[in-house]
Structure formats: C-alpha cells, structure tokens
Amino acid sequence: MTHKTDIGRESSDSIVSAVRTSLGDELRSVVYFTPSAFDILYTRQDLYGSTDDARTAKSQLVEFERTGFAEGPIRTAIARREGGSDIGPYEFTVRFHEDGFVVRVIHGDVGVLFTTDSMDVNGFEDAATAVTGLLDEN
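Quick summary incoming for the structure in this document. Because the structure is a prediction, the values reported are computed rather than measured.

What counts, and where the lines are drawn
Residues numbered from 1 in each chain as written. Predicted model: local features only at pLDDT ≥ 70, side-chain atom pairs only at ≥ 80, totals over all residues. Heavy atoms only, no water. Helix = DSSP H or I, 4+ residues; strand = E, 2+ residues; numbered from the N terminus. Expected span 1.5 Å × (residues − 1). Buried < 20%, exposed > 50% of the residue type's maximum accessible area, 1.4 Å probe, protein only. Arc of directions from axis to C-beta. Phe/Tyr/Trp six-rings, centres within 6.5 Å; stacked < 30°, edge-to-face > 60°. Lys NZ or Arg CZ within 6 Å of the ring centre and 35° of its normal. Core = buried A, V, L, I, M, F, W, Y, C linked by side-chain atoms within 4.5 Å. Contact = heavy atoms within 4.5 Å. Salt bridge = Lys/Arg side-chain N within 4 Å of Asp/Glu carboxyl O.

Brief notes about helix α1 (residues 9-23)
Part 1 of the reasoning: In this model α1 runs 21 Å from its N-terminal to its C-terminal C-alpha over 15 residues, within 8% of the 21 Å that 1.5 Å per residue would give.
Part 2 of the reasoning: Restricting attention to buried positions, one finds in α1 the residues Ser12, Ile15, Val16, Ala18, Val19 and Leu23. Summarising the axial view, the buried residues of α1 lie within an arc of 160°, below the 170-degree limit, and thus occupy one face. Exposed side chains of α1 directed beyond 90 degrees from the buried face belong to Glu10 and Thr21.

Points about the packing of aromatic side chains
Part 1 of the reasoning: By the definition in use, this model includes three aromatic pairs.
Part 2 of the reasoning: Taking the centre distance of 5.6 Å and the plane angle of 65° together, the rings of Phe33 and Phe69 count as edge-to-face. Here Phe69 lies in helix α3 (residues 68-81) and Phe33 lies in strand β1 (residues 27-33), a separation of 36 residues in the sequence.
Part 3 of the reasoning: Judged by centre distance (4.8 Å) and plane angle (80°), the rings of Phe96 and Phe101 are edge-to-face.
Part 4 of the reasoning: If you follow Arg55 out to its NZ or CZ, it ends over the ring of Phe38, 3.8 Å from the centre.

As for the nonpolar core
Most often, soluble globular proteins keep nonpolar side chains buried together rather than apart.
Part 1 of the reasoning: If you look at the biggest cluster of nonpolar residues, it comprises 24 residues, and the most contacted ones within it are Ile15, Val30 and Phe114.
Part 2 of the reasoning: Of all the secondary-structure elements, those providing two or more residues to this core are α1, β1, β2 (38-43), β4 (100-107), β5 (110-117) and α4 (122-137).
Part 3 of the reasoning: At six residues, the largest contribution of residues to this core is made by α4.
Part 4 of the reasoning: One finds Phe33, Phe38, Val102 and Leu113 within the second-largest nonpolar core, a separate group that totals 10 residues.

A word on α4
Part 1 of the reasoning: Taking 1.5 Å per residue, 16 residues should reach 22 Å; α4 reaches 24 Å between its end C-alpha atoms and fits that length.
Part 2 of the reasoning: Buried residues along α4 sit in contact with α1, β1, β3 (92-97), β4 and β5.

Topic: the pattern of salt bridges
Part 1 of the reasoning: For the structure shown, the criterion picks out nine salt bridges.
Part 2 of the reasoning: Residue Arg66 pairs with Glu63 through a salt bridge whose shortest N-O separation is 2.8 Å.
Part 3 of the reasoning: Owing to a relative accessible area of 14%, Arg66 belongs among the buried residues under this scheme.
Part 4 of the reasoning: Residue classification places Glu63 among the partly exposed positions, given a relative accessible area of 49%.
Part 5 of the reasoning: A cluster of three or more residues bridged by salt bridges with shared partners is formed by Arg28, Arg44, Asp46 and Asp117.

Below, the structure written as structure tokens:
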C-alpha cells in the first residue's frame, strides 16, 4: 500500500488492530488523515470493488472531518469557560447515522476516522482511547 501521509506500516497496523479489537466485525473502515492528505488503513472486504472506489467514497467524508483540526481546540476552550464547570478537553466525536456511525479522533495535526455498522456505542470510547494512545507514541 502506498501512503499519501507519513504514517508508517507499524503505526498503521497498530491503529487498525486497536480499532478492530474494540469494535469487531461491525467495523467498516479506518482512515488516517492530515490537513492535506489521507490514507485508508482498512476497509471491510464487502464494501468496495477497488482501492480507488474506496478513496473516492471516503474523500468527501475526510474533507468534512478535517474541520476537527480547528474545532477541537475551540471546543476544549469553551468547555473550560462554561460557568466555571470544567468538563475537560475535547476527546473525540461520534456521529450517529441511521445505519451506522462515524467516529473521529484528532490528535495534533493528524486524525483517525472510523466507520461502523449500527452497534452498541460502548466500544467507541475503547477504540478512541486506544487510537489516542497510539497517536501519542508518534
């Protein structure tokens, strides 16, 4: 696989493993992205006919989720000001859709987004926490 970002094979494999362990067979895709590029780290075999089809399908979603690079610090700052009650820094976003979920984790100037079929939401925190720990290591 040719990478358009600077993610290495070991980091890529670790992220996919962490997310798959937390979310199981409902996992549809895992995408690593920066403000200017993205790599599809995993797609479930039944979803796309080719790598090009997957990149085309994910490109608009990644473009939308890049707003998180600006949004996260603002959310954290607002949370700390809100009536003296600190709810803590922004961690990750889960978007609920009729038939599945999109989860976005931003850490510095990189992000990971993963999509799933409909499922119990408890695994998302496990997956997001694991991905954040892996991004901390880089």
